[in-house]
Amino acid sequence: MTSHKTAQTMKPATAAKKLGVYLEATPAEFQEGVVSRTELNALQSDPPQWLQDLRRNGPHPRPVVAARLGVSISGLARGGITQALTTEQIDALKQESPEWLLKERATQAEVRKEAVRIKEKNAARDDRADGPRS
């Protein structure tokens, strides 16, 4: 009995998420088809011009916007940003430095500091647990 391998495919929304682009800004043929794992790998290793342009100029999905602004996705929502933004709009927000952005960046910095503290605490606890036993 032989088994036939079928190509693993994904919806365009999943592929766009993996590529870090906003689905609605992709070409129609990308939005309407399915993307195989091989096609996704090809897009990642040798991106076509439309993908390079989207990654450079946007519009960018919220996770990318949040990362570029140094805040969480929740922080974006609290700041009233619910739609995709272009690189130009992100740069303008950075220049304006509205109060909400400064507050959310500070919050994100605290979250990161706490995550490092917990990781170090857990590592120290694990080191003690791995030590000699009497």
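Please refer to the structure placed before this passage.
Computed from a predicted model, the values in this text were never measured in an experiment.

A. Inspection of the side chain of Ser36 at higher detail. Its location among the elements puts Ser36 in strand E2 (residues 35-36). A residue is classified by how much of its surface remains accessible, and Ser36, at 13% relative accessible area, is buried. The residues touching Ser36, leaving out its near neighbours within four places in the chain, are Gln8 and Thr9.

B. Examining helix H1 (residues 12-19) more closely. Listed as buried for H1 are Pro12, Ala15, Ala16 and Leu19. Buried residues of H1 fall within an arc of 100 degrees about the axis and therefore sit on the same side. Here the buried face of H1 lies against strand E1 (9-10), helix H2 (28-32), E2, helix H3 (37-45) and helix H4 (49-57). One or two residues past the end of H1 sits Gly20, with phi positive at roughly 75 degrees.

C. Structural context of the packing of aromatic side chains. On inspection of all chains with the given rule, the structure shows 1 aromatic pair. Pairing Phe30 with Trp50 gives two aromatic rings, centres 5.5 Å apart and planes at 55 degrees, and the pair type is tilted. Of this pair, Phe30 sits in helix H2 while Trp50 is found in helix H4, placing the two residues 20 residues apart along the sequence.

D. Quick look at the side chain of Glu104. Take Glu104: it is sitting in helix H8 (residues 99-130). On the basis of relative accessible area, Glu104 is assigned to the buried category, the value being 6%. Side chain to side chain, Glu104 and Arg78 meet in a polar contact 2.9 Å long.

E. Expanded view of the pattern of salt bridges. Applying the stated criterion across every chain yields a total of 5 salt bridges. Where Arg56 meets Asp53, a salt bridge forms, and the shortest distance between an N and an O atom there is 3.1 Å. Taken as a pair, Arg56 and Asp53 lie in helix H4 at a separation of 3 residues, close to a single helical turn. Take Asp53: its relative accessible area is 29%, and that puts it in the partly exposed class. In this structure, the salt-bridge partner of Arg125 is Asp126, at a minimum N-O distance of 3.9 Å. With relative accessibility at 44%, the residue Arg125 sits in the partly exposed group. In this structure Asp126 comes out as partly exposed when scored by relative accessible area, which is 39%.

F. Seen up close, the environment of Glu110. Note on placement: Glu110 falls in helix H8. Between the C-alpha atoms of Glu110 and Lys121, which are 11 residues apart in sequence, the distance is 16 Å.

G. Inspection of the packing of helix H5 (residues 62-69) against helix H7 (residues 87-96) at higher detail. At their nearest, the axes of H5 and H7 sit 10 Å apart, and the two run at 35 degrees to each other. In the crossing of H5 with H7, the sense of the turn from one axis to the other is right-handed. Listed contacts from H7 to Val65, Arg68 and Leu69 of H5 are Thr87, Ile90, Leu93 and Lys94. A breakdown of the residues in the contact of H5 with H7 according to their chemical character gives 4 nonpolar, 1 polar and 2 charged.

Cut-offs applied
Residues numbered from 1 in each chain as written. Predicted model: local features only at pLDDT ≥ 70, side-chain atom pairs only at ≥ 80, totals over all residues. Heavy atoms only, no water. Helix = DSSP H or I, 4+ residues; strand = E, 2+ residues; numbered from the N terminus. Buried < 20%, exposed > 50% of the residue type's maximum accessible area, 1.4 Å probe, protein only. Contact = heavy atoms within 4.5 Å. Arc of directions from axis to C-beta. Phe/Tyr/Trp six-rings, centres within 6.5 Å; stacked < 30°, edge-to-face > 60°. Polar contact = N/O pair within 3.5 Å; in protein donor to acceptor, adjacent residues only side chain to side chain. Salt bridge = Lys/Arg side-chain N within 4 Å of Asp/Glu carboxyl O. Axes fitted to C-alpha atoms, helices over the stretch in contact; angles between N-to-C directions. Left-handed = near helix turned anticlockwise from the far one by under 90°. Nonpolar A, V, L, I, M, F, W, Y, C, P; charged D, E, K, R; others polar.

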